[in-house]
Amino acid sequence: MEAAPLFRPDDGHYQFKYFPAFALAVMPLAVVPEETAKAIWFAISVALLVVLVRISIRALPDRRQSERVLAWLAVALMAKFYLHELNLGQSNVLLAVLLVGALAAAMRGRASWAGVLVGAGVFVKPYALILVPWLWFAAGPASLVAFAATFAGGLLLPAAVYGWSGNLEQIGGWYRTVTDTTAPNLLAPENVSVATMWAKWLGPGPTASSLATATAVVVVAIAAVAWLWRRRVRQPAYLEFGLLMMLVPLLSPQGWDYVLLLATPAVVCLVDRFREMPRPWRIITAVAFAFMSFTIFDLLGRALYARLMVLSVVSVAAIVLVGCLIAVRRRGLA
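Criteria and thresholds
Residues numbered from 1 in each chain as written. Predicted model: local features only at pLDDT ≥ 70, side-chain atom pairs only at ≥ 80, totals over all residues. Heavy atoms only, no water. Helix = DSSP H or I, 4+ residues; strand = E, 2+ residues; numbered from the N terminus. Buried < 20%, exposed > 50% of the residue type's maximum accessible area, 1.4 Å probe, protein only. Contact = heavy atoms within 4.5 Å. Phe/Tyr/Trp six-rings, centres within 6.5 Å; stacked < 30°, edge-to-face > 60°. pLDDT = per-residue confidence, 0-100. Disulfide = S-S within 2.5 Å. Patch = residues over 30% accessible without salt bridge, like charges linked within 9 Å, V, L, I, M, F, W, Y side chains within 5 Å. Areas by Shrake-Rupley, 256 points an atom, 1.4 Å probe, with all protein chains shown as cover. Salt bridge = Lys/Arg side-chain N within 4 Å of Asp/Glu carboxyl O. Axes fitted to C-alpha atoms, helices over the stretch in contact; angles between N-to-C directions. Parallel < 35°, antiparallel > 145°, perpendicular 65-115°, else oblique. Left-handed = near helix turned anticlockwise from the far one by under 90°. Nonpolar A, V, L, I, M, F, W, Y, C, P; charged D, E, K, R; others polar.

## Here's the deal with the environment of Leu 95
Within the secondary structure, Leu 95 is located in helix 4 (residues 92-107). Classification of Leu 95 by relative accessible area gives buried; the value is 0%. Between the C-alpha atom of Leu 95 and that of Glu 169, which follows or precedes it by 74 residues, the distance is 25 Å. Leaving out residues up to four positions away in the same chain, Leu 95 has contacts with Gly 121, Val 124, Lys 125, Tyr 127, Ala 128 and Leu 262.

Okay, here's the thing in structure tokens:
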């Protein structure tokens, strides 16, 4: 087993950006030919997408629509992000399945499993850290203990290959790589973070950064309202989970549009409760879905697509859908 450095600046745009433990997890793919490894990963990703949609639907409490209807509608609305994920060979769908697995475990009273799955998710993508406060409300203290144990174990595991000091060096390399590659990706067309949104509108600089921070605080505060109204529903964990997943690409400076596939549970919830929402909210939800899901190059053409991406309509639509989820909670629908 070769303890090669994981974080190499000379890899350019394709620098490894995962925690070292993830490299160990996918190491079996490195021992087969490259094209075979790609085919295996593609097949795994397709299977995981099926699992993601299925668990997202089956975990929804008091479902109004049939599983088949919700599956077709969810895939139609999220196809843009699913296909982009598959095309790039990313690992967000693996993260999504681990996290919806944590949701299902929490709703079934399996607190330790919920914590373990969120902990494992952190090593696929650190985005999973956003769920740590949710674990307390959804699964209780036992889930946090399980999460802490899993997280600590994942941090220590690469020491078996790199040694203690080498492992610390790799973790430091991960941090430098993630922070150093944030600025170059800020104005990428497919970046949907609030930081990118303001940078596109005003240009990169202190003003845009300050407004992005303020927007992030406001969006998180709006989402927190769901917790204030959680007694209005019998099983509040699902919608709260969906809200946090919708926030991930908005809050991450490298929030690529395909990361919105994490919002599959939020989409399932909104689609299922759509008929019960007041007419104005149904219109708002439908328009937001249209901009988020169907701002597609092949559908709109180069000029219109480029203009809409400069205007960050996908980011705005995702923020609006956060508000729609709060409206659902306010009426006690989920």
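## Side note on the packing of aromatic side chains
For any pair of aromatic rings, the description consists of the separation of the ring centres together with the inter-plane angle of the planes. This structure, assessed with the given rule, holds eight aromatic pairs. Between Trp 198 and Trp 201, the ring centres sit 5.1 Å apart and the planes meet at 80 degrees, which makes this aromatic pair edge-to-face. One end of the pair, Trp 198, and the other, Trp 201, are both in helix 9 (residues 194-202), three residues apart, so they sit about a helical turn from each other. Look at Trp 201 and you get partly exposed, because its relative accessible area is 37%. Three or more aromatic residues joined by ring pairs form one cluster here, namely Phe 19, Phe 123, Phe 147 and Phe 151.

## What about the confidence of the model for the protein chain?
Close inspection of predicted coordinates is inappropriate for parts of the model with low pLDDT. Across the protein chain, the average pLDDT comes to 92, with 97% of residues at 70 or higher. The least confident element of the protein chain is helix 8 (residues 159-180), whose mean pLDDT is 80; the most confident is helix 12 (residues 264-273), at 98.

## Topic: the state of the cysteines
Tallied over the full model, the rule gives zero disulfides. No disulfide involves Cys 324; its sulfur sits 11 Å from that of Cys 269, the nearest cysteine. Judged by relative accessible area, Cys 324 falls into the buried class, the value being 0%.

## A short note on unusual backbone geometry
A positive phi is found at Asp 62, a non-glycine position, where the angle reads about 50 degrees. Relative to the elements of secondary structure, Asp 62 occurs in the loop between helix 2 (34-58) and helix 3 (67-88). Residues other than glycine seldom take positive phi values, yet Ser 312 does so here, at roughly 55 degrees. Within the secondary structure, Ser 312 sits in the loop between helix 15 (302-310) and helix 16 (313-330). You can call Ser 312 buried: its relative accessible area is 3%.

## Quick look at a nonpolar patch on the surface
Residues Trp 201, Leu 202, Leu 211, Leu 311 and Val 316 make up a contiguous nonpolar surface patch of roughly 400 Å² in combined accessible area. Within the secondary structure layout, Leu 202 lies in helix 9.

## Thoughts on the pattern of salt bridges
A full pass over the atoms with the stated rule returns eight salt bridges. Across the pair Arg 234 and Asp 62 runs a salt bridge whose closest N-O atoms are separated by 2.8 Å. With Arg 234 in the loop between helix 10 (206-228) and helix 11 (237-251) and Asp 62 in the loop between helix 2 and helix 3, the pair connects residues that are 172 residues apart, well separated along the chain. Looking at Arg 234, the relative accessible area reads 61%, which means it is exposed. The residue Glu 276 makes a salt bridge to Arg 64 at a minimum N-O spacing of 2.5 Å.

## Things to note about the packing of helix 4 against helix 6 (residues 132-139)
Direction vectors running N to C along helix 4 and helix 6 enclose 25 degrees, while the axes themselves pass 9 Å from each other. With respect to helix 6, the axis of helix 4 lies roughly parallel. Along this stretch, helix 4 crosses helix 6, giving a crossing that reads as right-handed. Contacts from Ala 102, Leu 103 and Ala 106 in helix 4 reach Trp 134, Ala 138 and Ala 139 in helix 6. Residues belonging to the contact of helix 4 with helix 6 are distributed by class as follows: six nonpolar, no polar and no charged.

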